[in-house]
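# Summary of the model geometry
Read off the chains here:
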Amino acid sequence: MICVFIQLRCRPGRTYEAADAIYDREFASELYSTSGDWDLIMKVYIPDGEDVGRFVNERLRDIPHVERSLTTMTFKAF
């Protein structure tokens, strides 16, 4: 499994609605609200050999109130 972190920027005042929609889809291992430039961060495990870009795009593109995302690939946990 490949672990990626995805930060999300939501429409103002709509973060909780976006978080509920993500939670309902059951693909995020963990989901947190954050401070700063991004509203949410989630941890996602993607099966080995699966296209990360396609996986993320297919699961995020139609979540209501998400305006932008930033995906961070991981390599090794310490």
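The residue numbering used here restarts from 1 in each chain and proceeds along that chain's sequence as written. Local features in this predicted model are restricted to residues of pLDDT 70 or higher, and side-chain atom pairs are both shown and tallied only at a pLDDT of 80 or more, whereas totals for entire chains, interfaces and linings draw on every residue. As a rule here, side-chain values come from all non-hydrogen atoms in the structure, and water together with hydrogens is ignored.

### Describing the pattern of salt bridges
What counts, and what does not: A pair is scored as a salt bridge if a Lys or Arg side-chain nitrogen falls within 4 Å of a carboxyl oxygen belonging to Asp or Glu. The way it works is that DSSP assigns letters per residue, a run of H or I at least four long becomes a helix, a run of E at least two long becomes a strand, and they are numbered from the N terminus. Each residue's exposure class comes from its accessible area (1.4 Å probe, protein chains only) as a fraction of the maximum for that residue type: buried when under 20%, exposed when over 50%, partly exposed otherwise.
The tally for this structure, following the rule as stated, stands at five salt bridges. Ionic pairing is found between Glu67 and Arg11, a salt bridge with its closest N-O pair at 3.9 Å. One end of the pair, Glu67, is in strand β4 (residues 66-73); the other, Arg11, is in the loop between β1 (2-10) and α1 (15-25), with 56 residues separating them in the sequence. With a relative accessible area of 49%, Glu67 lands in the partly exposed category. Its salt-bridge partner being Arg54, residue Glu58 comes within 3.7 Å of it at the nearest N-O pair. Of the two residues, Glu58 and Arg54 both sit in helix α2 (residues 52-60), four residues apart, roughly one turn of that helix.

### Considering the pairing of β1
Keep this limit in mind: A pair of strands is treated as paired once DSSP finds two or more bridges between them.
Judged from the seven bridges that link them, β1 and strand β3 (residues 40-46) form a sheet pairing that is antiparallel. Among the inter-strand pairings, Leu8 is bridged to a residue of β3, identified as Leu40. Here β1 runs beside β4; their pairing, made up of seven bridges, is antiparallel. Following the sheet pairing, Ile6 is matched in β4 by Thr71.

### Focus on α1
Defined as follows: Our arc is simply the arc of the directions from the helix axis toward the C-beta atoms. A contact between two residues is defined here by any heavy atoms of the two lying within 4.5 Å.
Those residues of α1 that sit buried are Thr15, Ala18, Ala19, Ala21 and Ile22. Down the axis of α1, the buried set is contained in an arc of 160°. They therefore lie on one face. Residues of α1 that are exposed and angled more than 90 degrees away from the buried face: Tyr16, Tyr23 and Asp24. Elements that come into contact with the buried residues of α1 comprise β1, β2 (30-33), β3 and β4. Immediately beyond the C-terminal end of α1, within one or two residues, lies Glu26, with a positive phi of roughly 55°.

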